[in-house]
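# What the coordinates show
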Amino acid sequence: MARRIDVIGAGGVSLAAWEFGDPPKKDPTDRKDAGHPTDNRSEALIPDQSTGCQSTGEPTGGSTSGTTSGSSAEDGARSEPTASPERTTGVFLLHGLMGRASHWASTARWLSERHRAVALDQRGHGRSEKPPKAAFTREAYVEDAEAALEQLGLGPAVLIGHAMGALTAWQLAAKRPDLVSGLIICDMRASALGAASQREWADWFESWPVPFATLADVRKWFGEDDPWVERPNPARGEFYAEVMQESPDGWRPVFEPEQMLKSRETWVYDAHWEELTQVRCPTLVVRGLDGELGRAEAQEMVRVLPLGEYAEVTDAGHLVHYDQPDGWRAAIEPFLDGVLAR
């Protein structure tokens, strides 16, 4: 189960945060909470990705029916930020470029058994606002995460970020060490990628055969036919099916590719080693064996981090937590236990 909590990010952009697990239990003897509510808060659920309706349990984290996606369902009621007295340790999850909070569903399920787990749809992604004139700078993304942690009352929290979300997480950890007790970096490089990389991404977006006729077509293209796919990868197909929505002419991404390129151009030209040296909390660098972060660079990142550790997941590519959820859990759970025991 997950409920939506609206928060306000940099420049007034509305962001959707999703808290996983059961909501805080209320005292049945409290008359204000027993049939006499004092506000309009109500639980909102991430839509079940397999049916397109609001789920009465935990989100599945993947589109499976071939007929709908979670983004096509109605939002439903929304909750105001409120701290949970049940789970005192916060874990804040940040997806990568083009991702969405529900990509963390599998991880958030087991985290929510012991911790307060919240995933954020970052600006331009998922159910969060996508203003045409909004800033898509590094500063805006970091300020969004900072604002969300403060409004949710979640800090100091362990931050878990994938790709772009990992960069946001370590930049925030450097900026606001009081909000971050631990950090997990998943398959994100610290080195500059350069102009050629940005051009490749622009060409790649142009190559997408949108609109897709069905979600099955989405899965097949991203899992098999995409020139960037070296061998069939069903998990990759599911990952992208989850960020599609139905439009009158077929299935299109929930994000604007132009905004994704704007977001990306604010980091690809620069290296980010200096911010790593400023991260003072325990940090785990995780890579998929076939991911984008090479072993030598990952180990150098661990070396420059004051409290860095290293882990890798076999049979995983860039989408580590999505490719191999069990291997991902085995890699990060001991680190989490150590951080949270401090």
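If you're wondering where the values come from, they're calculated on a predicted model, not measured in any experiment. Within every chain, residues take consecutive numbers counted from 1 along the sequence as written. Residues qualify for local features only when their pLDDT is at least 70, as the model is predicted, and side-chain atom pairs are given and counted only at 80 or more; totals for whole chains, interfaces and linings, by contrast, use all residues. Side-chain figures throughout are based on the complete set of non-hydrogen atoms in the structure, without hydrogens or water.

### Observations concerning the sheet that holds strand E5 (residues 157-162)
Put simply, the rule reads: What makes two strands pair is DSSP finding at least two bridges between them. The helix count covers DSSP runs of H or I at least four residues long, the strand count covers runs of E at least two residues long, and both are numbered beginning at the N terminus. Interaxial angle, 0 to 180 degrees, is taken between N-to-C directions of lines fitted to C-alpha atoms, where a helix line uses only the stretch in contact.
Taken together, eight strands build an open sheet; the order of strands is E1-E2-E4-E3-E5-E6-E9-E10 and the sheet is mixed. Pairing within the sheet leaves two strands with one partner each, and these edge strands are strand E1 (2-8) and strand E10 (308-313). The average angle at which neighbouring strand axes cross in this sheet is 20°, direction not considered. Two strands pair when backbone bridges link them, and strand E9 (residues 283-288) and E10 are joined in this way by six bridges, in the parallel orientation. Directly across from Val 286, in E10, lies its bridge partner Ala 311.

### Overview of unusual backbone geometry
Where we set the bar: Residue burial is assigned from relative accessible area. The probe radius is 1.4 Å, only protein chains are included, and a residue is buried under 20% of its type maximum, exposed over 50%, and partly exposed in between.
Cis geometry is found at the peptide bond from Gly 155 to Pro 156, where omega equals -5°. For Pro 156, the location among the structural elements is in the loop between helix H2 (138-152) and E5. A cis amide bond, omega 0°, links Val 210 with the succeeding residue Pro 211. Backbone geometry at Ala 163 places phi at a positive 50°, although glycine is not the residue there. Using a relative accessible area of 8% as the deciding quantity, one classes Ala 163 as buried. Phi is positive for Asp 315, close to 60°, though the residue is something other than glycine. Judged by relative accessible area, which is 61%, Asp 315 ranks as exposed.

### Let's talk about the nonpolar core
Selection criterion: Each nonpolar core is a collection of buried residues, namely Ala, Val, Leu, Ile, Met, Phe, Trp, Tyr and Cys, held together in the definition by side-chain atoms within 4.5 Å. Working rule for contacts: check all heavy atoms of both residues, and any pair within 4.5 Å makes them a contact.
Judged by nonpolar contacts, the single largest core of 70 residues is most densely connected at Phe 92, Met 98 and Trp 170. Among the elements that make up this core, the one with the highest residue count is helix H3 (residues 164-175) (eight residues). Leave out the neighbours within four places in its chain, and Met 98 touches His 125, Trp 201, Trp 204, Phe 205, Trp 208, Tyr 240, Val 243, Phe 255 and Met 260. In this structure, Ala 119, Ile 184, Ala 311 and Val 313 belong to the second largest nonpolar core, which totals 30 residues.

### Points about empty space enclosed by the protein
Selection rule: Cavity and pocket criteria rest on a 1 Å grid covering protein atoms alone: a 1.4 Å probe that fits but cannot get out defines a cavity, protein on both sides within 12 Å along at least 5 of 7 lines defines an open pocket, and an atom within 4 Å of a point defines a lining residue. Grid points are joined across faces, edges and corners, and a volume is the space filled by probe spheres set on the points.
Applying the stated criterion across every chain, the model contains two cavities of 30 Å³ or more. One number sums up the size of the second largest cavity: a volume of about 30 Å³. Considering the residues around the second largest cavity, the lining is formed by His 95, Gly 96, Gly 99, His 103, Trp 104, His 162, Phe 239 and His 321.

### Quick notes on the packing of helix H5 (residues 215-225) against helix H6 (residues 234-241)
Under the convention used in this document: An angle counts as roughly parallel when it lies under 35 degrees, as roughly antiparallel when it exceeds 145, as roughly perpendicular when it falls between 65 and 115, and as oblique in every other case. Two helices cross in a left-handed way if the nearer one is turned anticlockwise from the farther one by less than a right angle. They cross in a right-handed way if the turn is clockwise. Each residue is assigned to one of three groups, with Ala, Val, Leu, Ile, Met, Phe, Trp, Tyr, Cys and Pro labelled nonpolar, Asp, Glu, Lys and Arg labelled charged, and all others, Gly among them, labelled polar.
Close contact between H5 and H6 brings their axes to 7 Å; oriented N to C, the two are set at 130°. Considered as vectors, H5 and H6 are oriented oblique to each other. The crossing of H5 and H6 is right-handed. Between H5 and H6, the residues in contact are Leu 215, Val 218, Arg 219, Phe 222 and Gly 223 and Arg 236, Gly 237, Glu 238, Tyr 240 and Ala 241, respectively. For the contact of H5 with H6, the per-class residue count stands at five nonpolar, two polar and three charged.

### Regarding the packing of aromatic side chains
Applied cut-off: Only centres within 6.5 Å qualify two rings of Phe, Tyr or Trp (six-membered ring in Trp) as a pair; their planes then separate them into stacked at under 30 degrees, edge-to-face at over 60, and tilted for everything else.
Under the criterion given, the structure shown has 18 aromatic pairs. Ring centres 5.5 Å apart and planes at 35° place the aromatic pair Trp 204 and Phe 205 in the tilted group. The class of Phe 205 is buried, set by a relative accessible area of 9%. A centroid spacing of 5.2 Å and a plane angle of 85° characterise the contact between Trp 204 and Trp 208, whose relative ring orientation is edge-to-face. Trp 208 shares its class with Trp 204; the two are buried.

### Observations regarding the packing of helix H4 (residues 195-207) against helix H7 (residues 257-265)
Taken N-terminus to C-terminus, the directions of H4 and H7 make an angle of 170°; their axes are 11 Å apart at the nearest point. Taken together, the axis directions place H4 and H7 in an arrangement best described as roughly antiparallel. Contact residues: Ser 197, Gln 198, Trp 201, Ala 202 and Phe 205 in H4; Pro 257, Met 260, Leu 261, Arg 264 and Glu 265 in H7. Looking at side-chain class alone, the contact of H4 with H7 contains six nonpolar, two polar and two charged residues.

### A word on H7
Taken together, the buried positions of H7 are Gln 259, Met 260, Leu 261, Ser 263 and Arg 264. Looking at the buried side of H7, the elements it contacts are H2, H3 and H4.

### Here's the deal with the pattern of salt bridges
Applied cut-off: The working definition used for a salt bridge is a side-chain nitrogen of Lys or Arg within 4 Å of a carboxyl oxygen of Asp or Glu.
Evaluation of the coordinates by the stated rule reveals 19 salt bridges. A salt bridge links Arg 114 to Asp 337; its shortest N-O distance comes to 3.0 Å. Pair noted here: Arg 114 is in the loop between helix H1 (105-111) and strand E4 (116-121) and Asp 337 is in helix H11 (residues 325-340), with a separation of 223 residues, a long-range link. For Asp 337, a relative accessible area of 32% translates into the label partly exposed. Several salt bridges converge on common partners, so that one network encompasses Glu 146, Glu 150, Lys 175, Arg 176 and Asp 178.

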